[in-house]
Amino acid sequence: MADDRRMAAGVNIDLVWAALRSTRAEPPAGIKGGRRKTYVAALEQAQQMFTAAASVGAATRPLLLFYGLSQGGRAIAAAAKHVHNNDYPLVGHGIKVNTSTLVGPIAKVQVYGDNTTTGSFTRLSKILNSPTWDGAAPVSLAELWNTLPEGNVFPLEETTTGATPLPVSVDEYSVLHQAQTASPVQLIVTGIPTDIIPPPQHPGPTPALEAFLVQYPKLAGHTAIYPKGVYPDGQGGTVHLAYPSSHSGYHERTAEALAHSTLYRLHDRYVFPAVGANRDSLHPVMAWWAVLFALSMLARYQPEAWADHIAIDTSRAAVPIERLLTEALTAVPELLLQTIMDVSQ
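Every chain is numbered independently, its residues counted from 1 as its sequence is written. Residues qualify for local features only when their pLDDT is at least 70, as the model is predicted, and side-chain atom pairs are given and counted only at 80 or more; totals for whole chains, interfaces and linings, by contrast, use all residues. Side-chain calculation: all heavy atoms of the structure are included, whereas hydrogens and water are not.

**Student:** Account for unusual backbone geometry, with residues named and values stated.
**Tutor:** A positive phi angle, close to 55 degrees, is found at R265, a residue other than glycine. Elements are defined by DSSP. Helices are runs of H or I of four residues or more, strands are runs of E of two residues or more, and each kind is numbered from the N terminus. Positionally, R265 belongs in the loop between β9 (262-264) and β10 (268-271). Although it is not a glycine, L266 adopts a positive phi angle of roughly 70 degrees. Here L266 is to be found in the loop between β9 and β10.

**Student:** So what's going on with helix α13 (residues 318-343)? Which residues, and what values?
**Tutor:** Between its first and last C-alpha, α13 extends 36 Å over 26 residues, near the 38 Å set by a 1.5 Å rise per residue. Roughly 40 degrees is the biggest bend found in α13, and it falls at A328. The buried fraction of α13 amounts to 21 of the 26 residues, a majority that puts the element mostly inside the structure. Each residue after the first adds 1.5 Å to the expected span of a helix. Think of it this way: the bend at a residue is just the angle between two axes, each fitted to seven residues, one set ending at that residue and the other starting at it. In this scheme, a residue with accessible area under 20% of its type's maximum is buried, one over 50% is exposed, and one in between is partly exposed, where area comes from a 1.4 Å probe on protein chains only.

**Student:** An account of the nonpolar core is requested, with residue identities and associated values reported.
**Tutor:** Among buried residues, the Ala, Val, Leu, Ile, Met, Phe, Trp, Tyr and Cys ones that are joined through side-chain atoms within 4.5 Å form a nonpolar core. Judged by nonpolar contacts, the single largest core of 81 residues is most densely connected at Y39, I106, L124, L141, W288, W306 and I321. The greatest single-element share of this core, amounting to 14 residues, is contributed by helix α11 (residues 284-301). Contact definition: two residues touch when any of their heavy atoms are within 4.5 Å. When residues no more than four places from it in sequence are discounted, the contact partners of L124 are G73, I76, A77, L90, V285, M286 and W289. With 23 residues, the next largest nonpolar core counts I192, I196, F212 and V271 among its residues.

**Student:** Before we move on, can you summarise the side chain of H260 with the specific residues and values?
**Tutor:** Note on placement: H260 falls in the loop between α10 (250-258) and β9. Two N or O atoms count as a polar contact when they lie within 3.5 Å, although within protein this holds only if one can serve as hydrogen donor and the other as acceptor, and sequence-adjacent residues are included solely when both atoms are side-chain atoms. Reaching out from H260, the side chain makes a polar contact with the backbone oxygen of K218 at a distance of 3.1 Å. In contact with H260, not counting residues within four places along its chain, are L187, K218, A220, Y243 and V271.

**Student:** Now, about the side chain of Q338: what can you tell me, with residues and values included?
**Tutor:** Here Q338 is to be found in helix α13. A relative accessible area of 4% means that Q338 is categorised as buried. Setting aside chain neighbours within four positions, we find Q338 in contact with L263, Y264, R265 and L266.

**Student:** Describe the packing of helix α4 (residues 61-79) against α13, and please don't skip the residues or the numbers.
**Tutor:** All axes here are fitted lines through C-alpha atoms, helices being fitted over the stretch that makes contact, and every angle between N-to-C directions spans 0 to 180 degrees. Taken N-terminus to C-terminus, the directions of α4 and α13 make an angle of 5 degrees; their axes are 9 Å apart at the nearest point. In terms of their interaxial angle, α4 and α13 are classed as roughly parallel. Residues R61, P62, L65, L69, G72, G73, A75, I76 and A79 of α4 touch α13, and the partners they reach there are L325, T326, A328, L329, V332, L336, T339, I340 and V343. Gly is placed with the polar residues, together with every amino acid not listed as nonpolar (Ala, Val, Leu, Ile, Met, Phe, Trp, Tyr, Cys and Pro) or charged (Asp, Glu, Lys and Arg). Its residues placed into classes, the contact of α4 with α13 shows 13 nonpolar, four polar and one charged. The scheme is simple: roughly parallel for angles under 35 degrees, roughly antiparallel for over 145, roughly perpendicular for 65 to 115, oblique for anything else.

**Student:** Explain the confidence of the model for the protein to me, and be specific about the residues and the numbers.
**Tutor:** Along the chain, pLDDT gives the predictor's confidence residue by residue, from 0 to 100. Averaged over every residue, the pLDDT of the protein is 87; the share at 70 or more is 87%. No element of the protein has a lower mean pLDDT than helix α1 (residues 4-7), at 46, and none a higher one than α4, at 98. Low pLDDT, under 50, characterises residues 5-9; the stretch is placed with 15 contacts to residues that sit more than four places away or in other chains.

**Student:** Provide a residue-level description of the environment of A255, including the pertinent values.
**Tutor:** With respect to the helices, strands and loops of the structure, A255 is situated in helix α10. Of the residues examined, A255 reaches a relative accessible area of 46% and is grouped as partly exposed. Remark: the alpha-carbon pair of A255 and V185, spanning 70 residues in sequence, is separated by 9.2 Å.

**Student:** A description of the pattern of salt bridges should follow, citing residues and the corresponding values.
**Tutor:** Take a side-chain nitrogen of Lys or Arg and a carboxyl oxygen of Asp or Glu: if they are within 4 Å of each other, that pair is a salt bridge. Taken as a whole and judged by the stated rule, the model has six salt bridges. Here R265 ties to E150 by a salt bridge, and the two come within 2.9 Å at their closest N and O atoms. You can see R265 sitting in the loop between β9 and β10 and its partner E150 sitting in helix α7 (residues 149-153), a full 115 residues away along the chain. By relative accessible area, which is 4% here, R265 ends up buried. Taking relative accessible area as the criterion, E150 reaches 11% and is therefore assigned buried. Here R265 and E334 are joined by a salt bridge, their closest N and O atoms 3.0 Å apart. Separated by 69 residues along the polypeptide, R265 in the loop between β9 and β10 and E334 in helix α13 bring together distant segments of the chain.

Have a look at this one:
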């Protein structure tokens, strides 16, 4: 278990924490006084909790991971350049579970925000332009789970619930042509279900494909390139999308195209789906927050049920839980580093 934090995605997590530690001597955005102290202390606590989480098993790991992320969230809020000095402190959880759903299938645990303006989940969501939702429209853990690329690899249910993140990249094949013209840069979106890809003999936009893409708010305003832009590959279908641009420079248009996606874990780009009744996609930090909170509540308040969920010999959810908790050891610190850099610019 001590090596779990180095297993996920082949990342040397010690380097990620070293990068975070290097920001503490000279915190970002020039923060000072109590705000600086919050930033430094929160990062230290986050690192200690993640280090401790790497040395324990699934029985207690979600508790340490959630509170480590909670402290990391305080560092993000303190580093956020656009946040007033009175608005950076995070107080309380700001998120709840429907306690009646904690006993039963883990995929059906319901999560929602508590609507407090100072609650950590609500306030950090506002800082990161991420939506919240209340108890009138709770979201299932299965749907939240599948908004994480790591969760999508090992879903909680055999039947995937809700839309999943889609990898994106820039069409490098047309780079030379686009560099010399004012044509839009094409964004390649992969992972489209193959059964909604138009057949070669009948190319063109289809209602099924358009309805599928609507689930991804950042893809609004796209123009699908047909027919050559849509084709199946080994990981599902692929579609090329173009966006209108007023920029003449290729690099500016490339940056604008990539702005329709989210950088994830310092290296990959995805478009994330909206969850529940929301029209906006969750910031990945807040998706991890919601998932780890639900798991920590199970581990803390329903230890017998949690022990059943993580029992490898009897629970189908046990391996997905193990894998997600292992991935969290590297994914969350990478997201903390990336998000701190983003909000402090």
